[in-house]
Amino acid sequence: MKILIIGANGYIGTRCLEAWDDAVAAEGHVNTKEDVLSLIDKHQPDVMLNAAGVRGKPNVDWCEDHQMETIVGNTLLPIIIAEACQERGVYLLHIGSGCIFYGDSHHVDKKWREDDFGNPVPVYSRAKWAADLVLSTLPQTAIARIRMPIDWMPSAQNMIDKLATYPKVIDVENSVTIVDDMIDVFYQLMEKRATGIFHVTNPGTLKHKEIVTLYEQYVDPSHTNEWISNDDLVKQGLATKGRSNNFLSSEKLKELGIEMREVHEAMEATMKKYAELKKQGVQSAEGPSC
Ligand SMILES: NC(=O)c1ccc[n+]([C@@H]2O[C@H](COP(=O)([O-])OP(=O)(O)OC[C@H]3O[C@@H](n4cnc5c(N)ncnc54)[C@H](OP(=O)(O)O)[C@@H]3O)[C@@H](O)[C@H]2O)c1
């Protein structure tokens, strides 16, 4: 299965490119359908992964003041890529975000289902949701929503690095994505040519406090931070817009027989691996955080 990755220089794109022997990186920036068609004609992929997007630098608040760049990168670009893929009969896996849901769902278990409608306010989340709304109607297309990627590889985009460096951390609980499991699930979705929306989050939910406790246990016992409420994030001027916190259900993956590890098991294994790399002196790669 030859995989062509658009956005292969980004955080998620790079992790996928390095993990898959049968993946190649699309060169340059894509601005038009013709750009994508020529990439397809050159590389002749069986499937395409869209790992490109605009998340804001230094963080997602940037998107609030750069609406057009955010909309072009997260709504228009996926549509352009999808149009070219439809024209050439190439399967597309587009990376979506679980951050289109704010708070609890209307379901008894509070979890958001894949087909629930999003309720985002920030520009970034709205732009991601808009792409989901239209791409989810297409054949040969799937959307894999991820949340708060957690990785053993130190990186500015890794949730572990973010929580370890913030002096004030919000005390919240969420569905999250362990990157090793995500890479494996993306591959299986492409192999199966699955269609529709998938929540690529590990079963169970994780508190920021649990991540920090593991960090202090395995990486840095001298680490300290202040705990604040989610509302304090905006009240104290630490963010322009409140962040999404939610629980996602991953029923659609289960229906396909695709499993991810229970989140606490996967989290501890990831933190141990992360600690080993830190001991070897591996530093976080520079990059934007969201
Ligand atoms: N990381 C997260 O926390 C997170 C959470 C949920 C969902 N996601 C989604 O996952 C996807 C990947 O995110 P990421 O964390 O890997 O972001 P990233 O590190 O910022 O990478 C995004 C990549 O997309 C590229 N790109 C932007 N516009 C492009 C265009 N027109 N043509 C080709 N490439 C383009 C960027 O290249 P340049 O830098 O050269 O512009 C960059 O290499 C995005 O769709 C994001 O919304 C990420």
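Residues numbered from 1 in each chain as written. Predicted model: local features only at pLDDT ≥ 70, side-chain atom pairs only at ≥ 80, totals over all residues.

It is worth spelling out the packing of helix α8 (residues 208-218) against helix α11 (residues 263-279) at this point. Following both chains from N to C, one finds α8 and α11 inclined at 40°, their axes separated by 10 Å at the closest point. The angle between α8 and α11 falls in the class oblique. Taken as a pair, α8 and α11 cross one another with a handedness that is right-handed. For the pair formed by α8 and α11, the contact residues are I211, L214, Y215 and Y218 on the first element and M267, E268, M271, K272 and A275 on the second. For the contact of α8 with α11, a count of residues per class yields seven nonpolar, no polar and two charged. (Axes fitted to C-alpha atoms, helices over the stretch in contact; angles between N-to-C directions. Helix = DSSP H or I, 4+ residues; strand = E, 2+ residues; numbered from the N terminus. Parallel < 35°, antiparallel > 145°, perpendicular 65-115°, else oblique. Left-handed = near helix turned anticlockwise from the far one by under 90°. Contact = placed C-beta atoms within 7 Å. Nonpolar A, V, L, I, M, F, W, Y, C, P; charged D, E, K, R; others polar.)

Looking at where W227 falls in the secondary structure, it is placed in strand β10 (residues 226-228). Setting aside its immediate chain neighbours within four residues, W227 contacts V169 and D171.

Right, let's get into the sheet that holds strand β2 (residues 23-25). Strand order across the open sheet formed by six strands is β2-β1-β3-β4-β5-β8, with parallel pairing between neighbours. Looking at the sheet topology across the chains shown, the edges are occupied by β2 and β8 (196-199). Taken over all neighbouring pairs, the strand axes of this sheet differ in orientation by 25° on average, direction set aside. (Pairing = 2+ DSSP bridges.)

Look at any regular strand and the pattern is simple: side chains alternate between the two faces of the sheet. Burial analysis of strand β4 (residues 91-97) places seven of its seven residues in the buried class, the great majority of the element. Relative to β4, strand β3 (residues 47-50) is paired through four bridges, and the arrangement is parallel. Bridge pairing links L49 to L93 in β4. Crossover connection from β4 via helix α5 (residues 123-135) to parallel strand β5 (residues 141-146): handedness right-handed. (Buried ≥ 20, exposed ≤ 12 C-beta atoms within 10 Å, placed from the backbone. Right-handed = clockwise from strand over helix to strand, strands pointing away.)

This part is about the pairing of β5. Most of β5 is tucked away: six of the six residues are buried. Burial along β5 is two-sided: T141, I143 and R145 and A142, A144 and I146, pointing in opposite directions, are all buried. Two strands pair when backbone bridges link them, and β4 and β5 are joined in this way by six bridges, in the parallel orientation. Considered in β5, the bridge of S97 is made with I146. Taken together, the four bridges between β5 and β8 define a ladder with parallel strand orientation. Following the sheet pairing, A144 is matched in β8 by F198.

For the rest of this paragraph, the subject is the UniProt feature "domain: RmlD-like substrate binding" (unreviewed entry) in the protein chain. Per the UniProt record, "domain: RmlD-like substrate binding" (unreviewed entry) is found at residues 1-274. Secondary structure across residues 1-274 divides into 42% helix and 14% strand, with the first and last C-alpha atoms of the span separated by 30 Å. (UniProt positions renumbered as here; feature names shortened; annotations may be inferred.)

A word on unusual backbone geometry. A negative phi angle characterises most non-glycine residues, just as the trans form characterises most peptide bonds. Following K57, the chain continues to P58 via a peptide bond in cis, the omega torsion being 5°. Counting through the fold element by element, P58 comes out in the loop between β3 and α3 (62-65). Positive phi is not limited to glycine here, since Q140 has a value of about 55°. Inspection of the secondary structure assignment puts Q140 in the loop between α5 and β5. Assessed through the 15 C-beta atoms surrounding it within 10 Å, Q140 is described here as partly exposed.

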